[in-house]
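Summary of the model geometry
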Amino acid sequence: MLRVPTCVLSSFHAPQVSHGHNPDLFVQIGSLTKPLTATVLTALADDGVLSLDDPLERFLPAPGGTGITLRHLAEHTSGLPRLPPDTGGRDPYVAFDAGTLDSCVRRLDTLVTAPAGTTEEYSNFGYALLGAALVAATRTPYEELLHRHVLGPLGIADVAVDPPSGRRLVRTGLFGRPRRPWSMDGAILPAGGLWATPRATADLVTGLLVDRRLGEPAPAWQKAGGLLWHNGATGDASVFAGAAPQGWILVHRLSGRGAVTDKMALDTLRRFVKPGA
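Note that the coordinates shown come from a computational prediction; the quantities given were computed from them, not determined experimentally.

Once that is clear, we can look at the overall build of the protein chain. When its secondary structure is counted, the protein chain shows eight helices and nine strands. Expected size for 277 residues packed as a compact globule is a radius of gyration near 19 Å; at 18 Å, the protein chain falls within 12% of this value. For the C-alpha atoms alone, the extent of the protein chain along its principal axes is close to 50 × 45 × 30 Å. With 277 residues in all, the protein chain has 51% of them scored as buried. Of all intrachain contacts in the protein chain linking residues separated by at least 6 positions in sequence, the fraction that spans at least 24 positions is 67%.

Spatially, the six strands line up as an open sheet ordered 2-1-9-8-7-6, and their pairing is antiparallel. The sheet is open, and its two borders are formed by strand 2 (16–18) and strand 6 (222–224), each paired with just one other strand. If you compare each strand with its neighbour and ignore which way they point, the axes differ by 15° on average.

Turning to the nonpolar core, a few remarks are in order. Counting residues in hydrophobic clusters, the biggest one holds 65 residues, and the most contacted among them are Leu56, Leu70, Leu108, Leu129, Leu146, Val159 and Leu194. In terms of residue count, the dominant contributor to this core is helix 4 (residues 124–138) (seven residues). With 10 residues, the next largest nonpolar core counts Val8, Ala244, Ile249 and Val251 among its residues.

Take the packing of helix 3 (residues 98–106) against helix 4 next. Look at helix 3 against helix 4: their axes get within 11 Å of each other, and the N-to-C directions meet at 100°. The orientation of helix 3 with respect to helix 4, classified from their angle, is roughly perpendicular. Of the residues in helix 4, those touching helix 3 at Leu101, Cys104 and Val105 are Phe125, Ala128, Leu129 and Ala132. Residues belonging to the contact of helix 3 with helix 4 are distributed by class as follows: seven nonpolar, no polar and no charged.

Let's shift gears to helix 7 (residues 198–210). In a regular helix each residue adds 1.5 Å, so 13 residues correspond to 18 Å; helix 7 covers 17 Å between its end C-alpha atoms and thus fits that length. Counting buried positions over the 13 residues of helix 7 gives 10, a clear majority of the element. All of the buried residues along helix 7 are Pro198, Ala200, Thr201, Ala202, Leu204, Val205, Thr206, Gly207, Leu208 and Leu209. Of the residues flanking the end of helix 7, it is Arg212, one or two places downstream, whose phi is positive at about 50°.

With that settled, consider empty space enclosed by the protein. A full pass over the atoms with the stated rule returns three cavities of 30 Å³ or more. In this structure, the largest cavity spans a volume of roughly 70 Å³. As for the largest cavity, its lining consists of Gln28, Leu169, Val170, Arg171, Arg179, Arg180, Pro181, Trp195, Asp236, Ala237 and Leu254. For the lining of the largest cavity, a count of residues per class yields six nonpolar, one polar and four charged.

Our next topic: the pairing of strand 7 (residues 227–233). Relative to strand 7, strand 6 runs antiparallel, the two being bridged by three bridges. Looking across to strand 7, one finds that Gln222 is bridged to Trp229. The turn joining strand 6 and strand 7, which pair antiparallel and follow one another in sequence, is formed by two residues; a positive phi near 65° is taken by Gly225. With six bridges joining them, strand 7 and strand 8 (residues 238–244) adopt antiparallel strand pairing. By the bridge assignment for strand 8, Leu228 is matched with Ala243. Between strand 7 and strand 8, which pair antiparallel in sequence order, lie four residues.

Reading across the sheet, the three strands line up as 3-5-4 and stay open at both edges, with antiparallel pairing between neighbours. Whereas interior strands pair on both sides, the edge strands pair on one side only; in this sheet they are strand 3 (27–28) and strand 4 (159–160). In this structure, strand 3 lies alongside strand 5 (residues 195–196), joined through two bridges in antiparallel fashion. By the bridge assignment, Gln28 is partnered in strand 5 with Trp195.

Parameters and conventions
- Residues numbered from 1 in each chain as written.
- Predicted model: local features only at pLDDT ≥ 70, side-chain atom pairs only at ≥ 80, totals over all residues.
- Heavy atoms only, no water.
- Helix = DSSP H or I, 4+ residues; strand = E, 2+ residues; numbered from the N terminus.
- Rg over C-alpha atoms; globule rule 2.2 N^0.38 Å.
- Buried < 20%, exposed > 50% of the residue type's maximum accessible area, 1.4 Å probe, protein only.
- Contact = heavy atoms within 4.5 Å.
- Pairing = 2+ DSSP bridges.
- Axes fitted to C-alpha atoms, helices over the stretch in contact; angles between N-to-C directions.
- Core = buried A, V, L, I, M, F, W, Y, C linked by side-chain atoms within 4.5 Å.
- Parallel < 35°, antiparallel > 145°, perpendicular 65-115°, else oblique.
- Nonpolar A, V, L, I, M, F, W, Y, C, P; charged D, E, K, R; others polar.
- Expected span 1.5 Å × (residues − 1).
- 1 Å grid on protein atoms, 1.4 Å probe; cavity = no way out; pocket = protein on both sides within 12 Å on 5 of 7 lines; lining within 4 Å.
- Points joined across faces, edges and corners; volume = space filled by probe spheres on them.

Okay, structure coming up:
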């Protein structure tokens, strides 16, 4: 039976760490990056730098007429597909760099699958564009925006784009050799490229969702009754984070099987959180 390194941190019970996981080492958090990107967006809106309803073409060279706003990108209602064009393979985002994103932006009207604001379709592509727009609007690198508007105010340090190799925890393959994680530090970064320690990720969950130290949660968080949650998965890692009035939970596993990770978290939440609360 495959033993998957697993870390569960929550307000419901003591930390549960098994099969070689380590809550103080950096792991990929995948699409849990998106709520942090959306928090930067709302912070910039609160500062008057931009508006959530600004059209994308105000910041990027997109053709006019798409109707796509920053809010649409944040709420997955932009009408854009889930993935950027020409991604896939063992390392699906390795070729998706700034030049490729720029090329996509300039022909965005040919890539939409529905009019903006009419349907909801989860889109990594949309969050890549949102991150690029925030960078363009402020002329500030993404990582600096993240530290200035999220990590700094929350006093959280162990979140990074490129953590030290000696502090990374990755899945191992045959003969215990470390597997090479997906390359996500290019244009896809704002959609899913961050690394963080589980302890730092838990601090993000409590700071953003429980204590709400930066105001109301950003529009990236998903809602199910009183539960606010988001998950994420890369090729070899998956995570679920959520908070309800009764408590919060973070599950991280060194496995890309996100459905199993989600189920672990939801099973715990069902034991402690009243339905509809």
